[in-house]
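Read off the chains here:
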Amino acid sequence: MVKCIRVLKKDGEPVRSKLISLGLLDLSFRIRSDGDHILLPVVCDSFEDYEIIDEELEVQKHMETDYRELIEVPSELKEKLPNSYDVIGDVALIKLEDELLSYKGQIGKALMAVIPSLRTVMLDSGVKGEFRIRDLEQIAGTGTSETIHKEFGTRMLTDPAKVYFNPRLATERERITLEVKSGETIIDMFAGVAPFGMVICKHAYPKIMYSIDLNPEAEYFAKRNVEMNHITNLVIITGDAKEAVKDLPQADRIIMNLPQMADQFLQYALEKAKVGATIHLHKIIERSDFDDFVKELVSKMKGFGYDMHIARTSELKTYSPTMSVYVLDIVRD
Ligand SMILES: C[S@@+](CC[C@H](N)C(=O)[O-])C[C@H]1O[C@@H](n2cnc3c(N)ncnc32)[C@H](O)[C@@H]1O
């Protein structure tokens, strides 16, 4: 039984506000309707002229938002529970240190409890191979890792076990989309399931965009995404970007999101870039080496006979304690 006051519905809101302002409303129980009255739970033994009565009220459920609060692990391991993870559609991917692996089931269930939209949680043991595919193991929920991710008004079918997909690039995809001018020809050299293509073709007005990827699985997902988003000006190509670009027209913009090695493809991109075109080159590197990398890249490309300058650089995210992922906006002069 809970201590309450019985208040006419028409007086309910002002009385509730007064109780809150005096710190007298008992927030651990739910307010209940009772005919033309409401029952307000209180933490006091008297309030104005109201009689204090005992009634059955439901406990107010507190929705926990931090999965770490739902996990019982030895205190020395508590601080190793990751505070970040990726959510792709209704699938969560989490990386765990070895000491936490015996708690993986509990961790998966805790994530599902705090994010009600999740269908499954996968343990992510990192990306491997030239397709950058994730090594995944289901630790909670049901079904596969195939899912539909929503981003900036588009829907993207993907499966991180079959093709690379990075939900953390949403802001970068939006930034580039806002730069695109109507009628541009765009090439995405390392496109995955074509998320740059979806967002750009949906919100900007390129004449045509080409999405290239070496992974044959990417083509299946990219084609489904084109249909699902009613896109008509995106061409999907499976193959090595170095070769595939040779058959394409000169471009106004080229996206190079293969941060481990995109710089090794830069001369092929410059060959396809119109004068004034922008190339968005991603690069993972030690933070202390970044300035030297930029200088060497410019001098190497000038050595190959390409006039270009770096219009902008920005650090997209931290990759490790000493390394970051950068994006360089390179303009062909
Ligand atoms: C970092 S992922 C990019 C994914 C995509 N841009 C996104 O935002 O989700 C790099 C992609 O490059 C592809 N790739 C690797 N080597 C390639 C090559 N030589 N030519 C074309 N694609 C390549 C991989 O299969 C992978 O899908």
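Analysis parameters
- Residues numbered from 1 in each chain as written.
- Predicted model: local features only at pLDDT ≥ 70, side-chain atom pairs only at ≥ 80, totals over all residues.
- Heavy atoms only, no water.
- Helix = DSSP H or I, 4+ residues; strand = E, 2+ residues; numbered from the N terminus.
- Rg over C-alpha atoms; globule rule 2.2 N^0.38 Å.
- Contact = heavy atoms within 4.5 Å.
- Near = heavy atom within 4 Å.
- Polar contact = N/O pair within 3.5 Å; in protein donor to acceptor, adjacent residues only side chain to side chain.
- Areas by Shrake-Rupley, 256 points an atom, 1.4 Å probe, with all protein chains shown as cover.
- Nonpolar A, V, L, I, M, F, W, Y, C, P; charged D, E, K, R; others polar.
- Buried < 20%, exposed > 50% of the residue type's maximum accessible area, 1.4 Å probe, protein only.
- Pairing = 2+ DSSP bridges.
- Domains from an automatic or database assignment.
- Buried area = accessible area lost by both parts, 1.4 Å probe.
- Axes fitted to C-alpha atoms, helices over the stretch in contact; angles between N-to-C directions.
- Core = buried A, V, L, I, M, F, W, Y, C linked by side-chain atoms within 4.5 Å.

For the rest of this paragraph, the subject is the overall build of the protein chain. Check the secondary structure of the protein chain and you find nine helices and 17 strands. The C-alpha radius of gyration computed for the protein chain amounts to 27 Å, which surpasses the reference 20 Å derived for 333 residues by more than 25%, pointing to a less compact arrangement than a globule. Taking the principal axes of the C-alpha coordinates as reference, the protein chain spans close to 90 × 45 × 40 Å. At a minimum sequence separation of 6, the contacts of the protein chain that also span at least 24 residues come to 64%.

Right, let's talk about the site of the ligand for a bit. Around the ligand there are 22 residues in total, and R173, D213, D240, A241 and N257 lie nearest to it. At 2.9 Å, a backbone N or O of A241 approaches a nitrogen atom of the ligand. Starting from 600 Å² of accessible surface for the ligand in isolation, the protein chains cover 97%. Here the residues of the shell around the ligand are counted per class, giving 13 nonpolar, five polar and four charged.

What follows covers the pairing of strand β15 (residues 273-286). Most of β15 sits inside the fold, with ten of its 14 residues counted as buried. Where strand β14 (residues 251-256) and β15 come together, five bridges link them in parallel fashion. Bridging from a neighbouring strand, I254 pairs with I279 of β15. Note: β15 against strand β17 (residues 323-332), nine bridges, orientation antiparallel. Residue pairing across strands places L281 opposite L328, the latter belonging to β17.

Quick look at the side chain of K283 now. Relative to the helices and strands, K283 resides in strand β15. A relative accessible area of 10% places K283 in the buried class. A polar side-chain atom of K283 sits 3.3 Å from a polar atom in the side chain of D263. In this structure K283 touches P259, Q260, D263, F293, S324, V325, Y326 and L328, once residues within four positions along its chain are discounted.

This paragraph deals with the domain arrangement of the protein chain. Assigned domains of the protein chain: these are domain 1 (2-55), domain 2 (67-145) and domain 3 (162-332). Look at where the C-alpha atoms of domain 2 and domain 3 centre, and you get two points 30 Å apart. Every contact between the two is made by eleven residues of domain 2 and, on the other side, eleven residues of domain 3. Both faces combined, the contact of domain 2 with domain 3 buries some 930 Å², and carbon together with sulfur accounts for 58% of it.

So, on to the sheet that holds strand β1 (residues 2-8). The strand order β2-β3-β1-β4 describes an open sheet built from four strands, whose pairing is antiparallel. Bordering the open sheet on either side are β2 (32-34) and β4 (53-55), each of which pairs with just one other strand. Taking each pair of neighbouring strands and ignoring which way they run, the sheet shows an average axis angle of 50°. Relative to strand β3 (residues 37-41), β1 runs antiparallel, the two sharing five bridges. Looking at the pairing, R6 lines up with L39 of β3. Strands β1, β2 and β3 of the sheet are contacted by helix α1 (residues 9-21), whose axis makes an angle of about 135° with β1.

On to the nonpolar core. With 35 residues, the main nonpolar core has I187, M189, I254, M256, L266, I279 and L328 as its most contacted residues. Elements with a minimum of two residues in this core: β12 (208-213), α7 (241-244), β14, α8 (266-272), β15, α9 (290-303) and β17. In terms of residues, this core owes the most to one element, α9, which gives six residues. Once residues within four sequence positions are removed from consideration, I279 is found in contact with I254, M256, L266, A269, L270, A273, L328, D329 and I330. Membership of the second largest hydrophobic core comes to 30 residues, among which are I88, M122, C201 and F221.

The next thing to look at is the environment of E76. Mapped onto the fold, E76 is located in helix α2 (residues 75-78). Between the alpha carbons of E76 and T120 there is a distance of 27 Å; along the sequence they are 44 residues apart.

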